[in-house]
Amino acid sequence: MTLTNIRSKVRYLLGELSSTNYSDTNLNRALNDYYHKAIAMALSENGQWEVNGEVATTNIVADQKEYLLPSDLLSLKRIEVNFTGGTNDWSVANIVDMRNKPGAISNDTADGTSPKIRIFDNSLFLEDNPASNSTNGLKVFYSKESTELSSDSDEPNLPEHLQTYLMHGACLDYALRTSDDKGYKIYSELLFKDEVNIRTYYTSRLPAVRPRIKTKSEKYD
């Protein structure tokens, strides 16, 4: 369902409101708030699927240990490294806890190809300084933040039967804004049911079911 259709449905549920009563700007803000919440719920219940999956690559640079993680990263799934650039020379990175390192991290200057890495804030650090450059030698598998709905033709990356969570959430916000106690109670109950449906869907989805989540591979800086 497009953003235009979702906005129309929300205004219909609220009694055929006009854009003067509930502007596109305010309605989009509310819909995106609940869209982010829906994706977060899906991630917590996704089971065997990787919701909002993304694969990002960047170059390994000689003598450079630190690499920024993707800015839209929500949940880290896996990191692979390729120090040589060879077709089948990938290794699964072993993420280590820096608290368990016996020696000083600041003394780790040796060139090498250790697959060990550590995560610190918004960066990942290789254990050793890379001995040489490797094009697209670092690959990050992750679930990303949902891209906000903004254009009229935008569609949420959720099955249509779960998109009522966004609509009822926007209705709930309007009821709160207008001090509509009856409406607030109604949409709170509907929102709770929508949340149960989201969690049930992503908990029980089987591997043979094709997810409606777009994925792509791209470089990041």
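This one's a predicted model, so the numbers in the text were calculated from it and none came from an experiment.

J.: Give a description of the overall build of the protein chain that names residues and reports values.
T.: In terms of helices and strands, the protein chain carries 4 helices and 11 strands. Across the protein chain, contacts joining residues at least 24 apart in sequence account for 74% of those joining residues at least 6 apart. Summed over all atoms, the accessible surface of the protein chain reaches about 12400 Å², with 48% contributed by carbon and sulfur.

J.: Break down the packing of helix H2 (residues 24-45) against helix H3 (residues 164-177) for me, with residues and values.
T.: It is the contact of H2 with H3, at a shortest axis distance of 8 Å, that shows an interaxial angle of 130°. Looking at the two axes, H2 sits oblique to H3. Our pair here, H2 against H3, has a crossing hand that is right-handed. Within the contact between the two elements, H2 uses Leu 27, Ala 30, Leu 31, Tyr 34, Tyr 35, Lys 37, Ala 38 and Met 41 and H3 uses Tyr 165, Leu 166, Met 167, Gly 169, Ala 170, Leu 172 and Asp 173. For the contact of H2 with H3, the per-class residue count stands at 12 nonpolar, 1 polar and 2 charged.

J.: Talk me through the packing of aromatic side chains; I want residue IDs and the actual numbers.
T.: Considering all chains together, one arrives at 3 aromatic pairs under this definition. Here Tyr 22 and Tyr 174 contribute two aromatic rings whose centre-to-centre distance is 5.0 Å and whose plane-to-plane angle is 25°, an arrangement assigned as stacked. Of the two residues, Tyr 22 is situated in the loop between helix H1 (3-13) and H2 and Tyr 174 in helix H3; the sequence distance between them amounts to 152 residues. The residues Tyr 22 and Tyr 174 share a single accessibility class, namely buried. With centroids separated by 5.8 Å and ring planes inclined at 75°, the aromatic side chains of Tyr 34 and Tyr 165 adopt a geometry described as edge-to-face. Remark: Tyr 165 occurs in helix H3 and Tyr 34 occurs in helix H2; sequence separation between them is 131 residues.

J.: Could you give an account of H1, naming the residues involved and the relevant values?
T.: For H1, the complete set of buried residues consists of Leu 3, Ile 6, Arg 7, Val 10 and Arg 11. What you see down the axis of H1 is that its buried residues fit within an arc of 135°, all on one side. Those residues of H1 that are buried are in contact with H2 and H3. Downstream of H1 by one or two residues, Gly 15 has phi in the positive range, about 95°.

J.: How would you explain the nonpolar core if you had to name every residue and give the values?
T.: By size, the foremost hydrophobic cluster in this structure holds 30 residues, and its most contacted members are Val 10, Leu 14, Tyr 22, Leu 31, Tyr 165 and Leu 166. Of all the secondary structure elements, the ones that give two or more residues to this core are H1, H2, H3 and helix H4 (181-204). Considering every element that reaches this core, the biggest residue donor is H2, with 10 residues. Discounting chain neighbours no more than four positions away, the residues touching Leu 166 are Leu 31, Tyr 34, Tyr 35, Ala 38, Leu 149, Pro 156 and Leu 158.

J.: Describe the layout of surface pockets, with residues and values.
T.: Quantified by volume, the second largest pocket comes out at close to 170 Å³. What lines the second largest pocket is simply Asn 21, Tyr 22, Asn 26, Arg 29, Ala 30, Asp 33, Asp 173, Tyr 174 and Arg 177. Elements with a minimum of two residues in the lining of the second largest pocket: H2 and H3. No other element matches the 4 residues that H2 contributes to the lining of the second largest pocket. Its residues assigned to classes, the lining of the second largest pocket comprises 3 nonpolar, 2 polar and 4 charged.

J.: I'd like to hear about unusual backbone geometry, residue by residue, with values.
T.: Here the phi dihedral of Asp 63 falls at roughly 70°; this positive angle occurs in a residue that is not glycine. Of note, Asp 63 is situated in the loop between strand E1 (53-60) and strand E2 (66-68). Overall, the relative accessible area of 53% leaves Asp 63 in the exposed class. The backbone phi angle of Ser 179 is positive, close to 55°, even though this residue is not glycine.

J.: Describe the pattern of salt bridges, listing the residues and the values that go with them.
T.: Within this structure, the stated rule accounts for 7 salt bridges. As a salt-bridge pair, Asp 24 and Arg 7 come within 3.5 Å of each other at their nearest N and O atoms. Taken together, the residues Asp 24 in helix H2 and Arg 7 in helix H1 connect sequence positions 17 residues apart. Overall, the relative accessible area of 33% leaves Asp 24 in the partly exposed class. We note a salt bridge from Lys 185 to Glu 189, for which the minimum N-O separation is 2.8 Å. A residue pair is termed a helical-turn pair when its members lie 3 or 4 positions apart in one helix, as Lys 185 and Glu 189 do in helix H4 at 4 residues. Residue classification places Lys 185 among the exposed positions, given a relative accessible area of 52%.

Conventions and cut-offs
- Residues numbered from 1 in each chain as written.
- Predicted model: local features only at pLDDT ≥ 70, side-chain atom pairs only at ≥ 80, totals over all residues.
- Heavy atoms only, no water.
- Helix = DSSP H or I, 4+ residues; strand = E, 2+ residues; numbered from the N terminus.
- Contact = heavy atoms within 4.5 Å.
- Areas by Shrake-Rupley, 256 points an atom, 1.4 Å probe, with all protein chains shown as cover.
- Axes fitted to C-alpha atoms, helices over the stretch in contact; angles between N-to-C directions.
- Parallel < 35°, antiparallel > 145°, perpendicular 65-115°, else oblique.
- Left-handed = near helix turned anticlockwise from the far one by under 90°.
- Nonpolar A, V, L, I, M, F, W, Y, C, P; charged D, E, K, R; others polar.
- Phe/Tyr/Trp six-rings, centres within 6.5 Å; stacked < 30°, edge-to-face > 60°.
- Buried < 20%, exposed > 50% of the residue type's maximum accessible area, 1.4 Å probe, protein only.
- Arc of directions from axis to C-beta.
- Core = buried A, V, L, I, M, F, W, Y, C linked by side-chain atoms within 4.5 Å.
- 1 Å grid on protein atoms, 1.4 Å probe; cavity = no way out; pocket = protein on both sides within 12 Å on 5 of 7 lines; lining within 4 Å.
- Points joined across faces, edges and corners; volume = space filled by probe spheres on them.
- Salt bridge = Lys/Arg side-chain N within 4 Å of Asp/Glu carboxyl O.

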